[in-house]
Amino acid sequence: MNIFTKTDIGLVRTENQDNVWGEMLTENACAAVLCDGMGGESEGGLASKLAVDLISERIKQNFSEKMSRNSVRNLLITSVVAANSVVWDTAKMHAHEVMGTTCVACIVFGGTAYIVNVGDSRGYHLFADADNECIRQITKDHSHVRELVDRGEITEEQARNHPKRNKITRAIGAESDVTPDYFELPLGRDDMILLCSDGLSAYGDDMDLLDICFDSVSEECCDNLIRYANENGGHDNVSVALLIP
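Now for a quick tour of the structure. Being a predicted model, the structure only gives us computed values, none of them experimental. (Residues numbered from 1 in each chain as written. Predicted model: local features only at pLDDT ≥ 70, side-chain atom pairs only at ≥ 80, totals over all residues. Heavy atoms only, no water.)

1. Concerning the overall build of the chain
(1) Moving on: When you go through the chain residue by residue, the secondary structure sums to 7 helices and 11 strands.
(2) Moving on: Taken over the C-alpha trace, the chain has a radius of gyration of 17 Å; the compact-globule value for 245 residues is 18 Å, and the two agree within 12%.
(3) Moving on: Across the 245 residues in the chain, those meeting the buried criterion constitute 51%.
(4) Moving on: In the chain, the proportion of contacts linking residues at least 24 apart, taken out of those at least 6 apart, comes to 70%.
(5) Moving on: Element-wise, carbon and sulfur atoms account for 45% of the exposed surface of the chain, whose accessible area totals about 11,200 Å². (Helix = DSSP H or I, 4+ residues; strand = E, 2+ residues; numbered from the N terminus. Rg over C-alpha atoms; globule rule 2.2 N^0.38 Å. Buried < 20%, exposed > 50% of the residue type's maximum accessible area, 1.4 Å probe, protein only. Contact = heavy atoms within 4.5 Å. Areas by Shrake-Rupley, 256 points an atom, 1.4 Å probe, with all protein chains shown as cover.)

What follows is the structure, given as structure tokens:
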């Protein structure tokens, strides 16, 4: 089992609003948290740092391999809800009108991936099916264009270039309460979980991400993904976490 993380400012932004953490919890378990701040450079960066710090600390302090599936689920969800309260209260304390962050977090152990998300930072499942390598988006973007696609008003291709593609509909700290989505999936041999901010997913192709992850040496995969994002323009901060059971 291994975990790798990396974040990069990109080629356009003047500050990195992303924050990412990843760590082995035990010999048989690892976890990662990835957040992409919103609401202006200083506020967005602070929001993502507050969220990552709080969620990661709660995971480290409370995780045990003796936990049931429901306990892991509750740990992830309550950690995100707690982070929302901290970011919301901080914004009110400093009179910030907008301060929030996306979040995707994952715990892997016992052959299972447990994932929560808020916003448009994504979780992907990479796996081999017979002789084919496959990539599947686990999370569902909380975004304006995702709602348009779901209603059949635009196509997936149109969504990629839509002028409001960066408008998210749910974020940590944006409201006094937040409800994260939760996902749970079994993992097979040689499967991988990829978490990323939209600095990667919005400026590249999922099949390219698949090829990079399967063709790279594990230790170089995060570097190669960030290089790919920057070669496609580097328009945004980009962060990645790769969890390998």
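2. Observations concerning the nonpolar core
(1) Moving on: Val33, Ile55, Ile59, Phe63, Leu76, Ile107 and Ile172 are the most contacted members of the largest nonpolar core, which totals 32 residues.
(2) Moving on: For this core, the elements supplying multiple residues, two or more each, are strand 3 (29-38), helix 1 (41-62), helix 2 (69-93), strand 5 (103-109) and strand 6 (112-118).
(3) Moving on: A per-element tally of this core places helix 2 first, with 9 residues.
(4) Moving on: Grouped together as the second largest cluster of nonpolar side chains are 22 residues, Cys196, Leu210, Cys221 and Ile244 included. (Core = buried A, V, L, I, M, F, W, Y, C linked by side-chain atoms within 4.5 Å.)

3. Focus on the side chain of serine 79
(1) Moving on: Note that serine 79 resides in helix 2.
(2) Moving on: In contact with serine 79, not counting residues within four places along its chain, are Leu54, Ile55 and Arg58.

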